[in-house]
Amino acid sequence: MTDAATTARVDAWLWAVRVYKTRSAATTACRAGHVRVNGERAKAAQPVRPGDELRVRIHGFDRILVVKKTLAKRVGAALVAEALDDRTPPPPPRESMPFVPVRDRGAGRPTKRDRREIEKLRGRDLD
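Residues numbered from 1 in each chain as written. Predicted model: local features only at pLDDT ≥ 70, side-chain atom pairs only at ≥ 80, totals over all residues. Heavy atoms only, no water.

Asks: Tell me about the overall build of the chain, residues and numbers included.
Replies: Counting its secondary structure elements, the chain contains 5 helices and 7 strands. Radius of gyration (C-alpha) of the chain: 19 Å, far over the 14 Å computed for a compact globule of 127 residues. Dimensions of the chain along its principal axes, counting C-alpha atoms only, are 65 × 30 × 30 Å. Counting only residues that meet the buried cut, the chain has 28% of its 127 residues in that class. Counted over contacts in the chain with a minimum sequence separation of 6, partners at least 24 positions apart contribute 43%. With the model as given, the accessible surface of the chain reaches about 9300 Å², and the carbon-plus-sulfur share is 53%. The averaged location of the 16 negative side-chain charges in the chain is 6 Å from the averaged location of its 28 positive side-chain charges. (Helix = DSSP H or I, 4+ residues; strand = E, 2+ residues; numbered from the N terminus. Rg over C-alpha atoms; globule rule 2.2 N^0.38 Å. Buried < 20%, exposed > 50% of the residue type's maximum accessible area, 1.4 Å probe, protein only. Contact = heavy atoms within 4.5 Å. Areas by Shrake-Rupley, 256 points an atom, 1.4 Å probe, with all protein chains shown as cover. Lys, Arg positive; Asp, Glu negative; His and termini not counted. Charge placed at Lys NZ, Arg CZ, Asp CG, Glu CD.)

Here it is, written out as structure tokens:
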């Protein structure tokens, strides 16, 4: 078996297993740093092999995928299940999610204090 058959570009693989709708969307995500292969930031052309762990940030949450089989072309849903192992933990229940306050229309730009309080509620506090 050749090395080309056991590897695939990370952007092509993400598109083939239907993580992204288009390959260009997968490439853009790689450029933005939303894709990590084995803990390292991945460029779009980086090869992935069976056994590699991918962390993909989509809609603010990380999906953890393990490559079981390399694919270069888009395939059906049954083959996608054979090509990856999804180790993403289930999302937290809605009851445990913090309430996000809604500002009144026309209230103006939030003050620095307001922005800090909003960030704390969203769980993005830097402290």
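Asks: Any chance you could break down unusual backbone geometry for me, citing the residues and the numbers?
Replies: Even without being a glycine, Arg18 presents a positive backbone phi close to 65 degrees. By secondary structure assignment, the location of Arg18 is in the loop between helix 2 (10–16) and helix 3 (23–31). Located in the positive-phi region is Asn38, a residue other than glycine, with phi close to 55 degrees. As for its position among the elements, Asn38 is in the loop between strand 2 (35–37) and strand 3 (40–41).

Asks: Any details on the pairing of strand 5 (residues 53–58)? Residues and values, ideally.
Replies: Burial along strand 5 is one-sided: the face carrying Leu54, Val56 and Ile58 is buried and the face carrying Glu53, Arg55 and Arg57 is not. Pairing analysis gives 3 bridges linking strand 2 to strand 5, with the strands arranged antiparallel. Along strand 5, the bridge assignment pairs Arg36 with Arg55. Here strand 5 hands over to strand 6 (residues 61–67) after 2 residues, with His59 in that stretch at a positive phi of 55 degrees. (Pairing = 2+ DSSP bridges.)

Asks: Summarise the pairing of strand 6; cite the residues concerned and give the values.
Replies: The sheet contact formed by strand 5 and strand 6 spans 6 bridges and is antiparallel. Each bridged residue has a counterpart across the sheet, and for Arg55 the counterpart in strand 6 is Ile64. As paired strands, strand 6 and strand 7 (residues 84–86) are joined by 3 bridges and run antiparallel to one another. Bridged to Leu65 within strand 7 is Asp86.

Asks: Describe helix 3, naming the residues involved and giving the relevant values.
Replies: Buried within helix 3 are the following residues: Ala26, Thr27, Ala29 and Cys30. Take helix 3 and look down its axis: the buried residues cluster within an arc of 160 degrees, on one side only. Count one or two residues on from helix 3 and you reach Gly33, which has phi positive near 85 degrees. (Arc of directions from axis to C-beta.)

Asks: Outline the UniProt feature "domain: RNA-binding S4" (unreviewed entry) in the chain, supporting the account with residue identities and numerical values.
Replies: Residues given the UniProt feature "domain: RNA-binding S4" (unreviewed entry) here are residues 8–72. Summarising residues 8–72: 25% helix, 34% strand, and an end-to-end C-alpha distance of 6 Å. (UniProt positions renumbered as here; feature names shortened; annotations may be inferred.)

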